[in-house]
2 protein chains.
Amino acid sequence: MKMRPFKVSDPKPQVEPALDQGQIVQAALGLLDEVGFDSLTMRSLAKKLDIQAASLYWHVRGKQHLLSLMAEEICAPMGEPDRTLPWRNQLEVLANEYRRVLLAHRDAARVLARSGAPSGPNRLRLTEIVLRTLLDAGFGHKDAAYAGFLLNDYVTTFVLEETQDANAEAESAADSGVQNWVKALPPNDYPSIVALADYLMELDVDERFQFGIEILRNGLETHLARRKA
Amino acid sequence: MKMRPFKVSDPKPQVEPALDQGQIVQAALGLLDEVGFDSLTMRSLAKKLDIQAASLYWHVRGKQHLLSLMAEEICAPMGEPDRTLPWRNQLEVLANEYRRVLLAHRDAARVLARSGAPSGPNRLRLTEIVLRTLLDAGFGHKDAAYAGFLLNDYVTTFVLEETQDANAEAESAADSGVQNWVKALPPNDYPSIVALADYLMELDVDERFQFGIEILRNGLETHLARRKA
DNA sequence: ACCTGAACACCGTTCAAGT
DNA sequence: ACCTGAACACCGTTCAAGT
């Protein structure tokens, strides 16, 4: 609870502002980790800062704007892959790094999903790297753009789903989750679902993530090969 | 839409209920198309039905439940692909059909995204068909399950993004959308983004959808070929 | 059995007013 | 320039009470 520093010798003895935008965003990320996306409200954030909710609107245009600032901060720790690696490996590293970054804060994927198109430097740098990697690999402009969407959407959706499942499991007391429920389906109507029940709830999320990456990587590879031929 | 049958000779001639669950869901879908997801509230739905908001809770457990009923109804028109087709084509038909169904109602993808795991017959049948197609194609149980997730997530995310972009464009007066803004970025920092600006806003959504499908199809194909070998 | 009135506990946002 | 008080226009949900 920061006291506002009062300098006696200050020539312009103004009180310096209690909070700036950066502090608000930091507090919002802290609150996000504590209470989750649904409980992150302007009012709860204000309370955490010992301030009135209306005061936030001096520093931030609105909740939408706050979310996009949070998205920027979330993406700050993104590291770049080694450019000397083959492009397939660069994409793999990139995807895993992005997922790691999204898992670093609770519900971060939901923040990203509602924060609009990237406009800040961190998120722009992230998309720049993806697109550059694809261009370097030899994709044409259109294909590189489309593939960029594809990769970005894959990771964000995956983490979104992965964390929402975790939330759902946490609130429903059922330990084994979907499994028993799926297995109770009429096997005559849904033979494939019942047969695959073991793999339809998330046993090994990491494995499933790598599977998707591999499919995308393979698909892009053959697409590239055909274009070049 | 089960009407409760009214027999004239009924010994207990009670007034029949003003609404049942089916009517509520139909009204909700109608309202969704009129006002969009954000304006679809329990209260606005009640007003449309000339009823108190509290009355809805007699027929429906809550908004969450209503959304899952809506999701079921949205997926009702899903058609099955011809099983004699090669599996790659079946998947292609399936993906396009699913997208068509999601585009048939305003913000349908958002409804699906917030309606929880499929539990009703329509959505279960949809996933059953996808999984069956993959199993028939020769994928193992685990791979089929993972590929099912991948395909489902691809379509829903694509339509979600596609419709949200359309919403954003509609409310901001900027006609050309992202383009001019992207092109104003410092080219030294983001050379690839600037170079690909033309393809980064949605010119031809259909084309981009087909691109993603092709990548996934190719990727699955080589994955299958390697497993078999 | 089905529906209403009225409330509870919240939201995001605005804006005149204070300092 | 920065922050507060108080309000506006909403939410989803509950529940005693009516018919």
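What counts, and where the lines are drawn
Residues numbered from 1 in each chain as written. Chains lettered and ligands numbered in written order. Predicted model: local features only at pLDDT ≥ 70, side-chain atom pairs only at ≥ 80, totals over all residues. Heavy atoms only, no water. Core = buried A, V, L, I, M, F, W, Y, C linked by side-chain atoms within 4.5 Å. Buried < 20%, exposed > 50% of the residue type's maximum accessible area, 1.4 Å probe, protein only. Contact = heavy atoms within 4.5 Å. Phe/Tyr/Trp six-rings, centres within 6.5 Å; stacked < 30°, edge-to-face > 60°. Helix = DSSP H or I, 4+ residues; strand = E, 2+ residues; numbered from the N terminus. Least-squares fit on C-alpha atoms with pLDDT ≥ 70 in both. Buried area = accessible area lost by both parts, 1.4 Å probe. Salt bridge = Lys/Arg side-chain N within 4 Å of Asp/Glu carboxyl O. Polar contact = N/O pair within 3.5 Å; in protein donor to acceptor, adjacent residues only side chain to side chain. Near = heavy atom within 4 Å. Nonpolar A, V, L, I, M, F, W, Y, C, P; charged D, E, K, R; others polar. Domains from an automatic or database assignment.

Quick look at the nonpolar core now. Counting residues in hydrophobic clusters, the biggest one holds 130 residues, and the most contacted among them are Leu66(A), Met70(A), Leu220(A), Leu66(B), Met70(B) and Leu220(B). Sequence-distant contacts of Leu220(B), that is, excluding residues within four places in its chain, are made with Phe211(A), Ile215(A), Trp87(B), Leu91(B), Phe139(B), Ala147(B) and Leu151(B).

Right, let's talk about the packing of aromatic side chains for a bit. Residues and elements named next belong to chain B. Per the counting criterion, the structure on display carries 10 aromatic pairs over all chains. With centroids separated by 5.6 Å and ring planes inclined at 90°, the aromatic side chains of tryptophan 87 and phenylalanine 139 adopt a geometry described as edge-to-face. A residue pair is termed long-range when its members are at least 10 positions apart, and tryptophan 87 in helix 5 (residues 87-103) and phenylalanine 139 in the loop between helix 7 (121-137) and helix 8 (141-171) qualify at 52 residues. When sorted by exposure, tryptophan 87 lands in the same class as phenylalanine 139, which is buried. Plain terms: the ring middles of phenylalanine 158 and phenylalanine 209 are 5.0 Å apart, the flat faces sit at 70° to each other, and that makes the pair edge-to-face.

The subject of this paragraph is the relation of the copies chain B and chain A. Each copy superposes on the other: chain B lies on chain A with an RMSD of 0.0 Å after a rotation of 180° and an axial shift of 0.0 Å. Expressed as an axis order, the relation between the two copies is that of a two-fold axis. Distance from the rotation axis, computed per C-alpha, reaches its smallest value in chain B at Gly219(B): 1.8 Å.

Turning our attention to the interface of chain B and chain A. Interfaces are often sized by the amount of accessible area the parts lose when they come together. Contact residues are listed per partner, giving 50 residues for chain B and 50 residues for chain A. Buried surface at the junction of chain B and chain A, summed over both partners, amounts to about 4700 Å²; 68% is from carbon and sulfur atoms. Ranking the residues of chain B by area buried against chain A places Tyr146(B), Tyr199(B) and Phe211(B) at the top, with a combined share of 15%. At the surface where chain B touches chain A, the tally comes to two salt bridges. Between Glu207(A) and Lys142(B) there is a salt bridge; the shortest N-O distance is 2.8 Å. At the junction of chain B and chain A, the tally comes to 15 residue pairs in polar contact (both at pLDDT 80 or more).

As a further point, take the protein's contact with DNA strand D. With respect to spatial proximity, 17 residues lie near DNA strand D, and among them Ser55(A), His59(A), Arg43(B), Tyr57(B) and Lys63(B) are the closest. Listed by contribution, the elements that provide at least two residues to the surface near DNA strand D are helix 3 (53-59) of chain A together with helix 2 (42-48) of chain B. Counting residues per element, the surface near DNA strand D draws most heavily on helix 3 of chain A, which supplies four residues. Within the surface near DNA strand D, the residues separate by chemical class into nine nonpolar, five polar and three charged.

Let us now look at the domain arrangement of chain A. Residue and element names in this part refer to chain A. Domain parsing of chain A yields domain 1 (21-60) and domain 2 (78-228). A separation of 29 Å is found between the C-alpha centroids of domain 1 and domain 2. Buried area between domain 1 and domain 2, summed over both chains or domains, comes out near 670 Å², and the portion from carbon and sulfur atoms is 56%. In terms of surface lost to domain 2, no three residues of domain 1 exceed Leu32, Asp33 and Phe37, which account for 70% of the buried area on that side. At the junction of domain 1 and domain 2, the tally comes to one salt bridge. Between aspartate 38 and arginine 110 there is a salt bridge, with its nearest N and O atoms 2.9 Å apart. Where domain 1 packs against domain 2, one counts four residue pairs in polar contact (both at pLDDT 80 or more). Class assignment of the residues belonging to the side of domain 1 that touches domain 2 gives a composition of four nonpolar, one polar and three charged.

Residues and elements named next belong to chain A. Along the polypeptide, alanine 95 turns up in helix 5 (residues 87-103). The exposure class assigned to alanine 95 is buried, which follows from its relative accessible area of 8%. Considered as a pair, alanine 95 and tyrosine 154 are 59 residues apart in the sequence and their alpha carbons are 8.9 Å apart. Among all residues touching alanine 95, those that are not within four sequence positions of it are Val155, Phe209 and Ile213.

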